[in-house]
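Chain residues, written in single-letter form:
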Amino acid sequence: MELAKNILGIFLSILGACALTVIALHRDEPVNALWILTAAVCVYLLGYRFYAAWIAAKVLSVDPSRATPAERHDNGRDFVPTHRWIVFGHHFAAIAGPGPLVGPTLAAQFGYLPGTLWIMVGAVLGGCVQDMTILFLSTRRDGRSLGQMARDELGPFGGFAALIGTLMIMIILISVLGLVVVNAMKHSPWATSTVFATVPIAILVGLYLRKWRPGRVLEGSALGVALVLFAVIGGGWIDGSPSLHAFFDLQPVPLAGFVIVYGWLAAILPVWLLLAPRDYLSTFLKLGTVAALAIALLLMHPTIKMPAVTQFVDGTGPLFGGKVFPFVFITIACGAVSGFHALVSSGTTPKIIGSEGDVRLVGYGSMALESLVAIMAIIAATLLDPGVYFAINTGAGIVGAAPDAAVHTITGWGFPVTVEQMKDLATAMGESSLFARTGGAPSLAVGMASIFGSSFGRGLLSIWYHFAIMFEAVFILTTLDAGTRVGRFMLQDLLGNIWKPLGQTSWYPSVLIASALVVAGWGYFLYIGVIDPNGGINILWPLFGISNQMLAAIALSVATGIIIKSGKVRFAWVTGLPLAWLALVTSAAAWQKITSDDPKLGFFSAANDLAAKLASGVLPPEKAAVAPQLIFNQRLDGWLTLFFLAVVWFVIIDMLRISLRYTRGLPVATSSEAPYQVTRLSST
Amino acid sequence: MNIRSLWRWLRAATGDDAYDRYVEHHAVKHPGEPLLTRAAFYEESQRRKWSGVNRCC
């Protein structure tokens, strides 16, 4: 067995090295996507086989003989020892969100290479390590949350920083995801009607699972998935009917209004009615689509058309401003390292894990798979003609609203594209236009439709396209519902310190107020993003990326502090190095966003630039009308970035202070680890 | 792996068998105490599931 594993390890090393060599040597000629996929799979398997195993054994001292919280507190409800592959499935479903689809799509403006390399390296050395370590530490501490662990091990400040950081990130995250959905639905009756239909379908499934056939999850989900697939086809009929077409052909602002009202309702309605059934649908669609995408990629083995590196590494990119360092790291975000995962890893998962021995598979393995999804997203973005990719993803404010002007500018960058080409593509996808559909979802959907189309039938391109849009929208909306709800709980927790009754999560006035405040928070950023002529994503996504990576820095600080306090200073680099890198990257990005003189990059310079233009009267009336709001928002974003930067550095310094005290032999907070208890479960 | 064990695995993975497992646990650990109905158990488990961070970006 050991020999077979070693032979497999050697084989994977050689295969991975070959794949990377092919990518390295094909710099001026097209490379096949299969090489990228092969290299990634080998890198993850090797990371899992060697690095993760070493961390588990030496750094964490994983002890399968030790009873986990699931066993010690087994109550048949939330604490339940569960088979490792089922825990893996639950954990993967929880961490897999739209981030790894959107981030790599946007980062493709730098070419396929920078993003691909960071997804692999960042995941194996950073993201997977973070997820596994936090999962392990929480499992040793009765499944306590990241915030509680920060408070117990570092001090009240660390705990407070984690709570505030999480709440703010949640707000930014939801607004950017809302914007992605709105941009995918605007003036697309097919997409809009399909996404709208998912709401009554979810409610029907909710009633089925609560009233008619309680808890029959498989039946309910099968019914829901069938109805949702039917809604994709039905959307095509609505698109073809003149009266219904006009009814669902909506402007972005009313669509944003619908999303905001929907988010508020989802946060205050009972979970079984809308949130839970929607999540069952999105989980099934997510797992099914990711698997289908992997199979289709193997069948199609497309050639990457995007250059390895584009001229936009110098910071002149049209999707978002900023040089490849640090912005490729900020943009990829969740596909390589995601701070948010630390919340899941210290949430439900540690309460169901049956053996400490499973943290490598569940923590490291799930993130490796998530990262592979990000690799598939970057392949889907870069197999498009680069001209088409830029035409879909660049805001009208940058290349002009007229198709002629847009193709002229984009062709001028060296990425030829024609109006006819875009028109034919839009017709094939069943859309009126694909210009300036920022946010990443439409371009990913075009990429996915081409992959599915060439593998499973070309005639159905428009169905594949709208299936992909629906797939993205369904789980974006799930994250939006769940995030608003969690944000509500956090806010109630905070407000409870001011006035006690507000802290009661079941007191209805408090529920309504806290939900409205959370929705107002993200609704504001969503609205500004929608009215921004540059598409809004160029501002919101970097803000999200910075805050998400900063949350990862907070999580890695907690982990590093605990490792040092457990007397393993010599291994502190395992989480300390990714922490140092993230601190460097996020600080550099935040600093540039705050101080840059380039209006495309700096928040304050953009505000000042726009204010000057407004004052001198050079803005066209439609831009002048929204300019004051955009100016205010850019300044707000600047202050917010500064706030994030301050919080993360306070946490890092706090951790270093405590570690220094420990190494000098001064008293520090004692470990909150639960005492050893031998397991009675037989290992399976 | 035969069809039957695949089905069992699928039910476990999706939580379709959660109530059966609860009844089993209840019979062993808390015999005689009141048992939740299928509907009440489902509602309670959903409420618990969705009161923490359970979905990500």
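Residues numbered from 1 in each chain as written. Chains lettered and ligands numbered in written order. Predicted model: local features only at pLDDT ≥ 70, side-chain atom pairs only at ≥ 80, totals over all residues.

### As for the overall build of chain B
Quick reminder of the rule: Numbering of helices and strands runs from the N terminus, with a helix taken as a DSSP run of H or I at least four residues long and a strand as a DSSP run of E at least two residues long. Any residue surrounded by 20 or more other C-beta atoms within 10 Å of its C-beta is treated as buried, while 12 or fewer makes it exposed and the intermediate range makes it partly exposed; C-beta atoms here are placed from the backbone.
A count of helices and strands for chain B gives 3 helices and 0 strands. Counted from the first residue to the last, chain B has its helices and strands arranged as α-α-α. With the C-alpha coordinates aligned to their principal axes, the bounding extent of chain B is approximately 35 × 35 × 20 Å. The buried share among the 57 residues of chain B stands at 26%.

### Topic: the overall build of chain A
Defined as follows: Here the globule rule is a power law, 2.2 Å times the number of residues to the power 0.38, and the radius of gyration is based on C-alpha atoms. We call two residues in contact whenever the C-beta atoms placed from their backbones are within 7 Å.
A tally of helices and strands in chain A yields 28 helices and 0 strands. The C-alpha atoms of chain A give 24 Å as radius of gyration, which agrees with the globular expectation for 684 residues (26 Å, within 12%). Overall size of chain A, expressed as C-alpha extent along the three principal axes, is 70 × 65 × 60 Å. Intrachain contacts of chain A at a sequence separation of at least 6 include 81% that bridge at least 24 residues.

### Considerations on helix H8 (residues 156-185) of chain A
Residue and element names in this part refer to chain A. For the record, the criterion: Expected span of a helix: the number of residues minus one, times 1.5 Å.
Taking 1.5 Å of rise per residue, the 30 residues of H8 would be expected to cover 44 Å, and the 44 Å separating its terminal C-alpha atoms lies within 8% of that figure. Judged by how many residues are buried, H8 sits mostly within the fold: 24 of 30 residues are covered. Just downstream of H8 lies His 187, where phi reads positive at about 50°.

### Focus: the interface of chain A and chain B
The condition is simple: Note on residue classes: Ala, Val, Leu, Ile, Met, Phe, Trp, Tyr, Cys and Pro are nonpolar, Asp, Glu, Lys and Arg are charged, and everything else, Gly too, is polar.
Facing 39 residues of chain A, the contacting portion of chain B comprises 30 residues. Put simply, the parts of the chain that give the side of chain A that touches chain B at least two residues each are helix H4 (84-95), helix H9 (189-212), helix H10 (217-240), helix H13 (275-300), helix H15 (341-345) and helix H23 (461-495) of chain A. When grouped by side-chain class, the residues that make up the side of chain A that touches chain B number 20 nonpolar, 13 polar and 6 charged.

### Some thoughts on the environment of Thr 411 of chain A
Residues and elements named next belong to chain A. In this fold, Thr 411 is placed in helix H20 (residues 403-412). Placed 21 residues apart in sequence, Thr 411 and Phe 390 show a C-alpha to C-alpha distance of 9.7 Å. Once residues lying within four places of it in the same chain are set aside, the contact partners of Thr 411 are Gly 387, Pro 416 and Val 417.

### Here's the deal with the packing of H13 of chain A against helix H22 (residues 441-456) of chain A
All names here are of chain A. Put simply, the test is: Under this scheme, a helix contributes an axis fitted over its contacting stretch, all axes are lines through C-alpha atoms, and angles between N-to-C directions fall in the 0 to 180 degree range. In a left-handed crossing the near helix is turned counterclockwise from the far helix by less than a right angle, and in a right-handed crossing that turn is clockwise.
Packing of H13 against H22 brings their axes to within 9 Å, and their N-to-C directions diverge by 65°. Helix-helix and strand crossings are classified by hand; for H13 and H22 the assignment is left-handed. Residues Leu 293, Ala 296, Leu 297, Leu 299 and Met 300 of H13 lie in contact with H22, whose contacting residues are Met 448, Ile 451, Phe 452, Ser 454, Ser 455 and Phe 456.

### Thoughts on the packing of H8 of chain A against helix H12 (residues 252-268) of chain A
Helix packing for two helices is described by the angle between their axes and how far apart those axes are. All names here are of chain A. So the rule is basically this: The scheme is simple: roughly parallel for angles under 35 degrees, roughly antiparallel for over 145, roughly perpendicular for 65 to 115, oblique for anything else.
With their axes 9 Å apart at the nearest point, H8 and H12 run at an angle of 135° to one another. In terms of their interaxial angle, H8 and H12 are classed as oblique. Relative to H12, the crossing made by H8 is right-handed. Packed against H8, whose contacting residues are Gly 178, Val 181, Val 182 and Met 185, the element H12 presents Pro 252, Leu 255, Ala 256 and Val 259 at the interface. Each residue belonging to the contact of H8 with H12 can be placed in one class, and the counts come to 7 nonpolar, 1 polar and no charged.

### Describing the environment of Gly 288 of chain A
All names here are of chain A. Relative to the assigned elements, Gly 288 resides in helix H13. Classification of Gly 288 by C-beta neighbours within 10 Å gives exposed; the count is 12. Here the alpha-carbon distance between Gly 288 and Arg 72, two residues 216 residues apart in the chain, equals 35 Å.

### Quick look at the confidence of the model for chain A
Using the following cut-off: Per residue, pLDDT measures the predictor's confidence, with a range of 0 to 100.
Model confidence for chain A is summarised by a mean pLDDT of 92, while 99% of its residues fall at 70 or above. For chain A, the element scoring lowest by mean pLDDT is helix H1 (residues 2-25) of chain A, at 81; helix H6 (residues 112-140) of chain A scores highest, at 98.

### Here's the deal with the confidence of the model for chain B
Close reading of the predicted structure is inappropriate where its pLDDT is low. Residues of chain B with pLDDT of at least 70 account for 98%, and the chain-wide mean is 89. For this predicted complex, the interface score ipTM comes out at 0.94, alongside a pTM of 0.94.

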